[in-house]
Amino acid sequence: MSETNGKGSATPMLDELEKGEWPSFVTQIKEMAAEKEQCQQLLELLERSYREKIGHWKHGGIVGVHGYGGGVIGRYNDLPEEFPAIAHFHTLRVNMPSGWFYTSDVLRKICDIWDEHGSGLTNMHGSTGDIILLGTTTDELEPTFKALTENDFDLGGSGSDVRTPSACVGPARCEWACYDTLDLCNDLTQTFQDELHRPAFPYKFKFKCSGCPNDCVASIARSDMSIIGTWRDDIRIDQDAVREYAENGVNIERDICGNCPTKCMEWDGHDLEIDNGNCVKCMHCINAMPKALRPGVDTGATILLGAKAPIVQGAQLSSVIVPFMKLEPPYDEIKDLAERIWDFWSENGKNRERVGEIMQRVGMGNFLEAIGVDPIPEMIAYPRENPYVFYEEYYEEEDEEAEQEEEEGAAVP
Amino acid sequence: MDTQRRTDIGPPDFRRFLPPIIKENYGKWKYHEILKPGVMVHVAESGDKLFTVRAGSPRLLGTKRIRKYAELADKYCGGHLRFTSRHNVEFLLTDEKNIDPIIADLAELGHPVGGIGPAISSIVHTQGWVHCHSAATDASGVVKAVMDDLHEYFDGTTKIPGKLRIALACCLNMCGAVHCSDISILGVHRRPPRVQQGLAKVCEIPNVIAACPTAAIRPASVEGTPSVEIDESLCMFCANCFSVCPALPMADALNDGVSLWVGGKVSNARHEPMFSKLAVPFIENDPPRWTEVVQNVRKIVEVWVDGARPHERMGEFIERIGWPKFFKLTGIEFQKEHIDDYRYAGLTFHRSAWVRH
Ligand code: HEM
Ligand code: HEM
Ligand code: HEM
Ligand code: HEM
Ligand code: SF4
Ligand code: SF4
Ligand code: SF4
Ligand code: SF4
């Protein structure tokens, strides 16, 4: 479907995006276009979008692999006659290993499979974290799946199910990890394979595991259940190392103590003192002086609930549900909490209502009762400001008389 | 059930892919230092050292390029590498002497090294016109244009006060989680959905009506067949109806474009996590280089670089100087669209007499 007519490039606007310092996605598609007609047509379709300032993809029909309700996103273009090689151009979401670690051999294996069965184009990775295999035909879905599973890979989530959980690099390479993010992520993924592959919820549900409050996987913004590492004891201090930072020009008074959100640190020019009872574990001082300060040793995680993007009722950040939970295999406490939430949500959720939305619709207090969690002040920024309280019961006169009689009765031996 | 067919096996256990030095020091890292842009060393309790070289990538990768990464991992890292949550690739080295050679090889492939510490990291982004039906703008092209302009902040050529995270989503579905970024680039529609003929054949009308957050969609009869009508005055262009019903297309070359949002963060350091707030309501799509988007992003970055204190993220900086000053310094025109008029909008009004003059 080349539009060159023998003169000039078919994709002058995209060619422009091969220039410049940053690595170019156009170059990536072109590299593959030499061998794959699909990629050549994708380039030309995209050039057309650039010219017309409009996309040319249609809603996906329902496609997938046998027995799974998710993991494949159907894609069709709206000009199939002109671009037949990509008339179907479906995406597979392949569940990545926790922490996105690979060996060269396993990466090459994935490339072999995708060269054989698809366009050869990928996203490393999607924003949820999956390996995204970008573009193949309906016929190739089952063979791709077979090749993947033979090599120990499986599809990730899509649709109204548990989405592929993700984790920060954690204890593999970060001294601040307060629990084993990679192990928990892997364990949740394996435990909830059925929930991940067979959509049965009102909408999507995401877990993200960050090892400390720096939250490198943005769990507080991007996951229904945000699992953020923290500690309960004291920040570990190496006073000599603090002095070394001071000697090397760090302005400890202004840039460390001055930035502490609770002003719980004091520096007298010789020793750094922390009022740990008032430290909110924000990580600032530790980030700024990694050789001198470390999180404590009584570690676990804060569990927060409810983050989502704007669709449908507006975006939300997660909020605290459990201020501190120890996280050690087999992780029963957190799995049990998730299942209690799913039970309530599956029963009462409206179509396309996320957990963060049902919490608000039924009221946080009622939601807590339903999942069997006691209300505590750590859950709120401040108590309500309006007096419109929904009390569920009130006494009537007869009640009072009955009560009085009961009391009087009780007083008589 | 076919017994040959393997299902529900989940991903391979990550432990299979960890390099030996990580297996040996798992959970026993002591501290880290940033050695130079894009290079850090983690030192374990045992004294072992692991060097990380982080390189930017376009995220959309062909298998040919992935095979090149694999070659580099074989050449310098015993065959080990990982990717980050922001689409960067990280090579994990045990021999310090390999750092400069791998950086040189990456440069030859066209991959800049950087994005660690006080720097702009890669832009988290979405599919756009490459692969999505919902897009109000392209994703990869805008990202490429913006990063071509900002690479000096990625590779450490220009020093900056703290971290700066940029994310792009090509529609309000926000597959790129942009609502909590220092700078968010968000594709927006501005024309209500157009009701196509035969809607009832492809969509369930009650579902379509229920999908609209503002109740702008009502049942109607069109030429004797059941359909819906849109109260255009209630539509805020979220495209939620289109997500559930393909017969309500939103995309429109004349009215689609890009908005910019600023001051969000997800880390808890110093300030609690914050949402991004509207900076520029609308910029026309201008492929292939989206010049006005690039210029506005640069202007915002420069104002922050000039004015922020050490460690201060965009949102903390703006909170300190105040929004009026932000608009003054950036030269961005303040318009009525900046003032929230959705639910509980009043919470975003300035409810005190604190004014800087
Ligand atoms: C057909 C159009 C769409 C395409 C091509 C698309 C593509 C994607 C892809 C590839 C990812 C990354 C997935 C992963 O890593 O597993 C993603 C994530 C996401 N999608 Fe979509 N998506 C589409 C529609 C939607 C819709 C309709 C919504 C919301 C109503 C949505 C919301 C999201 C969100 C919030 C994420 C981010 C997840 C995270 O950060 O964990 N997407 N999308
Ligand atoms: C926790 C709930 C509330 C508390 C503690 C509270 C407290 C107060 C106090 C202390 C005053 C000043 C009284 C004075 O002039 O001496 C006041 C005034 C007032 N309150 Fe409330 N209030 C609450 C809720 C409400 C609500 C829900 C409304 C209306 C929906 C309301 C409407 C007013 C009005 C109209 C005034 C008079 C303001 C003025 O003329 O300056 N209050 N309230
Ligand atoms: C040992 C130190 C650290 C390690 C190993 C580490 C590791 C990482 C990694 C691997 C990523 C993904 C980066 C990428 O994709 O380019 C990341 C992202 C991130 N890190 Fe860190 N990080 C560290 C320190 C910090 C500090 C000090 C902060 C905050 C002050 C921080 C906040 C973040 C944030 C906010 C993100 C990005 C989340 C997002 O917007 O998507 N990290 N970190
Ligand atoms: C008050 C307004 C907002 C709230 C409460 C909010 C909240 C959220 C939440 C909770 C997520 C995670 C979504 C999920 O995984 O399903 C998210 C993702 C996202 N938001 Fe927002 N958001 C808001 C506004 C915005 C705005 C204005 C933008 C764009 C400028 C934006 C861009 C994004 C993007 C790109 C993502 C995708 C992140 C990812 O999953 O990688 N958001 N937002
Ligand atoms: S979230 Fe914390 S523990 Fe995890 S990588 Fe980031 S800084 Fe390290
Ligand atoms: S972690 Fe944060 S709150 Fe705690 S002492 Fe350090 S700066 Fe203060
Ligand atoms: S953000 Fe919107 S347009 Fe972009 S990939 Fe996601 S659903 Fe599609
Ligand atoms: S775009 Fe959103 S607000 Fe407009 S009609 Fe559709 S669902 Fe309603």
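Residues numbered from 1 in each chain as written. Chains lettered and ligands numbered in written order. Predicted model: local features only at pLDDT ≥ 70, side-chain atom pairs only at ≥ 80, totals over all residues. Heavy atoms only, no water.

Asks: In this structure, what is going on with the packing of helix 2 (residues 25–33) of chain A against helix 3 (residues 37–52) of chain A? I would like to understand it.
Replies: Describing two packed helices takes the angle between their axes plus the distance from one axis to the other. Residue and element names in this part refer to chain A. Two elements in contact, helix 2 and helix 3, have axes whose closest approach is 7 Å; the angle formed by their N-to-C orientations is 145°. Two secondary-structure elements touch here, helix 2 through F25, V26, I29, K30, M32 and A33 and helix 3 through C39, Q40, L42, L43, L46 and Y50. By residue class, the composition of the contact of helix 2 with helix 3 is ten nonpolar, one polar and one charged. (Axes fitted to C-alpha atoms, helices over the stretch in contact; angles between N-to-C directions. Helix = DSSP H or I, 4+ residues; strand = E, 2+ residues; numbered from the N terminus. Contact = heavy atoms within 4.5 Å. Nonpolar A, V, L, I, M, F, W, Y, C, P; charged D, E, K, R; others polar.)

Asks: Would you explain the coordination of the iron atom of ligand 4 in this entry?
Replies: Under ideal tetrahedral coordination, the four donors around a metal are separated by 109.5 degrees; under ideal octahedral coordination, the six donors are separated by 90 or 180 degrees. From the protein, the iron atom of ligand 4 takes a single donor atom, H179 of chain B (ND1), 1.8 Å away. Within the element layout of this structure, H179 of chain B appears in the loop between strand 7 (166–169) and strand 8 (183–188). (Donors = N, O, S within 2.8 Å, 3.2 Å for Na, K, Ca; no water.)

Asks: Any chance you could explain the site of ligand 5 here in plain terms?
Replies: Close to ligand 5 lie C168, V169, C174, W176, A177, G211, C212, N214, D215 and C216 of chain A. Residue classes in the shell around ligand 5 are distributed as seven nonpolar, two polar and one charged. (Near = heavy atom within 4 Å.)

Asks: What is the right way to look at the state of the cysteines in this model?
Replies: As used here, a disulfide is simply a covalent bond connecting the sulfur atoms of two cysteines. Taken as a whole and assessed by the stated rule, the structure comprises one disulfide over all chains. A sulfur-sulfur separation of 2.1 Å characterises the disulfide bridge that pairs C203 of chain B with C245 of chain B. Between C203 of chain B and C245 of chain B, the disulfide has an S-S torsion of 80° and is therefore right-handed. Here C203 of chain B is found in the loop between helix 5 (199–202) and helix 6 (205–211), whereas its partner C245 of chain B is found in the loop between helix 7 (240–244) and strand 11 (257–262), with 42 residues between them in sequence. According to the relative accessible area criterion, C245 of chain B is buried, its value standing at 0%. Not engaged in a disulfide, the cysteine C77 of chain B finds its nearest cysteine sulfur in C111 of chain A; these two sulfurs lie 17 Å apart. (Disulfide = S-S within 2.5 Å. Buried < 20%, exposed > 50% of the residue type's maximum accessible area, 1.4 Å probe, protein only.)

Asks: Hey, could you run me through the domain arrangement of chain A in this one?
Replies: Accessible area lost during the coming together of the parts is what is often quoted as the interface size. Residues and elements named next belong to chain A. Here chain A is described as being made up of domain 1 (12–55), domain 2 (58–150), domain 3 (166–231 + 298–393) and domain 4 (236–294). Distance from the C-alpha centre of domain 1 to the C-alpha centre of domain 2: 19 Å. Listed as interface residues are 13 residues of domain 1 and, on the opposing side, 17 residues of domain 2. Carbon and sulfur atoms make up 64% of the surface buried where domain 1 meets domain 2, a total of about 1200 Å² over both sides. When residues of domain 1 are sorted by the area they lose upon contact with domain 2, Q38, Q41 and L45 head the list and together hold 47% of the total. Seen at the junction of domain 1 and domain 2, the total is one salt bridge. Here R48 makes a salt bridge to E82, at a shortest N to O gap of 2.7 Å. (Domains from an automatic or database assignment. Buried area = accessible area lost by both parts, 1.4 Å probe. Salt bridge = Lys/Arg side-chain N within 4 Å of Asp/Glu carboxyl O.)

Asks: Could you clarify how one ought to interpret the pattern of salt bridges in this entry?
Replies: Once the charged atoms of two side chains with opposite charge are near each other, the side chains can pair. Here the structure, examined in full by the defined rule, presents 51 salt bridges over all chains. The salt bridge partner of K30 of chain A is D15 of chain A, with a shortest N-O separation of 2.6 Å. Of this pair, K30 of chain A sits in helix 2 while D15 of chain A sits in helix 1 (residues 12–16), and the two are 15 residues apart along the sequence. Of the charged contacts in the structure, one is a salt bridge between E33 of chain B and K291 of chain A, with a shortest N-O distance of 3.2 Å.

Asks: Explanation requested: the side chain of H80 of chain B in the structure shown.
Replies: You can see H80 of chain B is positioned in strand 5 (residues 80–83). Here H80 of chain B falls in the buried class, since its relative accessible area comes to 9%. Only 3.0 Å separates the side chain of H80 of chain B from the backbone oxygen of F17 of chain B, close enough to count as a polar contact. Once you skip the residues sitting within four places of it in the chain, H80 of chain B turns out to touch Y102 and T103 of chain A together with F17, L18, P19, P20, A73 and L92 of chain B. (Polar contact = N/O pair within 3.5 Å; in protein donor to acceptor, adjacent residues only side chain to side chain.)

Asks: Hey, could you run me through the site of ligand 8 in this one?
Replies: In the neighbourhood of ligand 8, the contacting residues comprise C212, P213, T214, I217, C235, M236, F237, C238, A239, N240, C241 and M250 of chain B. Split into classes, the residues belonging to the shell around ligand 8 amount to ten nonpolar, two polar and no charged.

Asks: What should I look at first to understand the interface of chain A and chain B in this one?
Replies: Contact with chain A, which involves 117 residues of that partner, is made by 110 residues of chain B. Both sides together, the interface formed by chain A and chain B hides about 10100 Å², and carbon and sulfur atoms give 59% of it. Broken down residue by residue, the surface that chain A buries against chain B is led by W22, H59 and R173 of chain A, which jointly contribute 10%. Our count for the contact surface shared by chain A and chain B stands at 14 salt bridges. Where K64 of chain B meets E35 of chain A, a salt bridge forms, and the shortest distance between an N and an O atom there is 3.0 Å. Between the two partners, chain A and chain B, sit 68 residue pairs in polar contact (both at pLDDT 80 or more). For the side of chain A that touches chain B, the leading source of residues is helix 4 (residues 104–117) of chain A, giving eight residues. For the side of chain A that touches chain B, the class distribution of residues is 53 nonpolar, 34 polar and 30 charged. Bridging between strand 6 (residues 121–124) of chain A and strand 4 (residues 60–62) of chain B involves three bridges; their strand directions are antiparallel. Each bridged residue has a counterpart across the sheet, and for N123 of chain A the counterpart in strand 4 of chain B is L60 of chain B. (Pairing = 2+ DSSP bridges.)

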